[in-house]
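Coordinates in review
Each chain, letter by letter, is given below.
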Amino acid sequence: STSLAVGTMVMIGGEARLVTANAVGSITVTPPLSAAPANATVVYGSSTWFLDETGTYTPTYCSFALKRHNTEVTITGCAGTVVLEPVDAKGRAMLSFTFEADSWATTTSKSSVPATYTQQTNLLALASPFWWGSTKTAVARFGFDPGLTLSEMPSTQGTQGRIGWAITGENARITATPYQADSTYRGDFATPTSRNTLLQIGATGGAAFAVAFQVGQIVELPADADIGGLRGNDLVIRARQPTTTTLPGLSFAFF
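Throughout, a residue's number is its position along its own chain's written sequence, starting from 1. Reporting in this predicted model follows two pLDDT cut-offs: at least 70 for local features of residues, and 80 or more for side-chain atom pairs to be given and counted; totals over whole chains, interfaces and linings ignore these cut-offs and use all residues. Working from all heavy atoms in the structure, the side-chain values ignore hydrogens and water.

Starting at the N terminus, helices and strands are each numbered in turn, a helix being any DSSP run of H or I of at least four residues and a strand any DSSP run of E of at least two. On a plain count of helices and strands, the protein comes out with one helix and 20 strands. Counting only C-alpha atoms and orienting by the principal axes, one finds that the protein spans roughly 60 × 45 × 40 Å. Exposed residues in this analysis have more than 50% of their type's maximum accessible area, buried residues have under 20%, and partly exposed residues fall in between, with area computed by a 1.4 Å probe over protein chains only. Going through the 255 residues of the protein one by one, you find that 38% of them count as buried. Taking the intrachain contacts of the protein between residues at least 6 apart in sequence as the baseline, contacts between residues at least 24 apart amount to 65%. Here, residues are in contact when the closest pair of their heavy atoms is within 4.5 Å.

Let us now look at the sheet that holds strand β4 (residues 43-44). Strand pairing follows a simple DSSP-based rule, namely that at least 2 bridges must link the two strands. On the basis of which strands lie adjacent, the open sheet formed by four strands has the order β3-β2-β1-β4 and antiparallel pairing. Whereas interior strands pair on both sides, the edge strands pair on one side only; in this sheet they are β3 (26-30) and β4. Inspection of the sheet shows strand β1 (residues 9-12) paired to β4 by two bridges, in the antiparallel sense. If you follow M11 over to β4, its bridge partner there is Y44.

This part takes up the side chain of N196. Counting through the fold element by element, N196 comes out in strand β16 (residues 194-204). A residue is classified by how much of its surface remains accessible, and N196, at 9% relative accessible area, is buried. Filtering out sequence-adjacent residues up to four positions away, N196 remains in contact with T30, P31, W131, W132, G133, F213 and Q214.

So, about the nonpolar core. In this structure, F130, F142, F144, I174, L199, F213 and I237 are the most contacted members of the largest nonpolar core, which totals 25 residues. Listed by contribution, the elements that provide at least two residues to this core are β7 (71-88), β10 (130-132), β12 (139-145), β15 (173-178), β16, β17 (207-218), β19 (230-239) and β20 (250-254). If you tally residues by element for this core, the top one is β17, at four residues. Beyond its immediate sequence surroundings of up to four residues, F213 is in contact with F144, A172, R173, I174, R195, N196, T197, I237, R238, A239, G249 and L250. To define a nonpolar core, start from buried Ala, Val, Leu, Ile, Met, Phe, Trp, Tyr and Cys residues and group those joined through side-chain atoms within 4.5 Å.

With that settled, the discussion passes to the pattern of salt bridges. The rule for a salt bridge is simple: a side-chain nitrogen of Lys or Arg has to be within 4 Å of a carboxyl oxygen of Asp or Glu. Enumeration according to the criterion identifies 10 salt bridges in this entry. A salt bridge links D224 to R231; the nearest nitrogen and oxygen atoms lie 2.8 Å apart. Judged by its relative accessible area of 35%, R231 falls in the partly exposed class. Several salt bridges converge on common partners, so that one network encompasses D102, E152 and R162.

Turning next to the pairing of strand β6 (residues 62-68). Pairing analysis gives six bridges linking β6 to β7, with the strands arranged antiparallel. Paired with K67 across the two strands is E72, which belongs to β7. The hairpin turn running from β6 into β7, its antiparallel successor, is two residues long, and H69 in that turn takes a positive phi close to 55°.

Our working definition of a disulfide is a cysteine sulfur pair at a distance within 2.5 Å. Using the criterion set out here, one finds zero disulfides in the structure. Sulfur of C62: no disulfide; nearest cysteine sulfur belongs to C78 and is 5.2 Å away. C62 sits in the partly exposed class, given a relative accessible area of 29%. Take C78: its relative accessible area is 2%, and that puts it in the buried class.

To continue, consider the environment of A239. Mapping A239 onto the fold places it in strand β19. Along the backbone, A239 and G164 are 75 residues apart, and their C-alpha atoms lie at a distance of 27 Å. In contact with A239, other than residues within four places in its own chain, are A172, F213, V215 and G249.

With that settled, the discussion passes to the packing of aromatic side chains. Within 6.5 Å between ring centres, the rings of Phe, Tyr and Trp (the latter by its six-membered ring) count as paired, and their orientation is classed by plane angle as stacked under 30 degrees, edge-to-face over 60, tilted in between. Counted under the stated rule, the structure contains nine aromatic pairs. For the ring pair F209 and F252, a centre distance of 5.9 Å and an interplane angle of 70° mean the geometry is edge-to-face. With F209 in strand β17 and F252 in strand β20, this pair connects stretches of sequence that are 43 residues apart. Across this residue pair, the class does not change: F209 and F252 are buried.

Here it is in structure tokens:
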């Protein structure tokens, strides 16, 4: 358990969970598992991306090599953000990336470009639960946007007049459309009531990802929604300050 840091996520028996405490030989997860796992159940760790309140929010930079016919261009100093496009039940989950770039150059035969590409299995919105608090809630669709603002860091010594990009704003939101429960969702909005929020795509280690807010709050009056002729509610859930300083406001994990 020592490698499963607080704020990262795990998958146990197909259920994605946020690690909220870690002790020698044990972890605490939120929300609780549906049932106690059997002996020898595999606990999958994750690659978890999150924001916390330390550091200067300087992104990790990457480069892209683009090839077209006999032309190759390398774009460098790229920093970006990602959005989980709203996906309907049974639909294919799509991540949209947006990057800011520092510079580019014409290159030839870039050695770091892989010779082959392995096509991964499409992730579909099947066996993909949504949790509002401790309640696993049936939803017709959901999505996620970290709402990051990338700002230029001007510098006279920079080759392009800048030294990179910094994350200067965050407006992380999960959208979800559950079936009608006005007394719950509109009541939570009016109070306001904060709850743990977790959405999951896929349920197999190596082919799943999840987003968790340790504290989520409905920030818009739940509007009526049509779900194939049935009434639902459109929820907009904002990430809020965690209850403990060791937890990030949001966690985005790949298993």
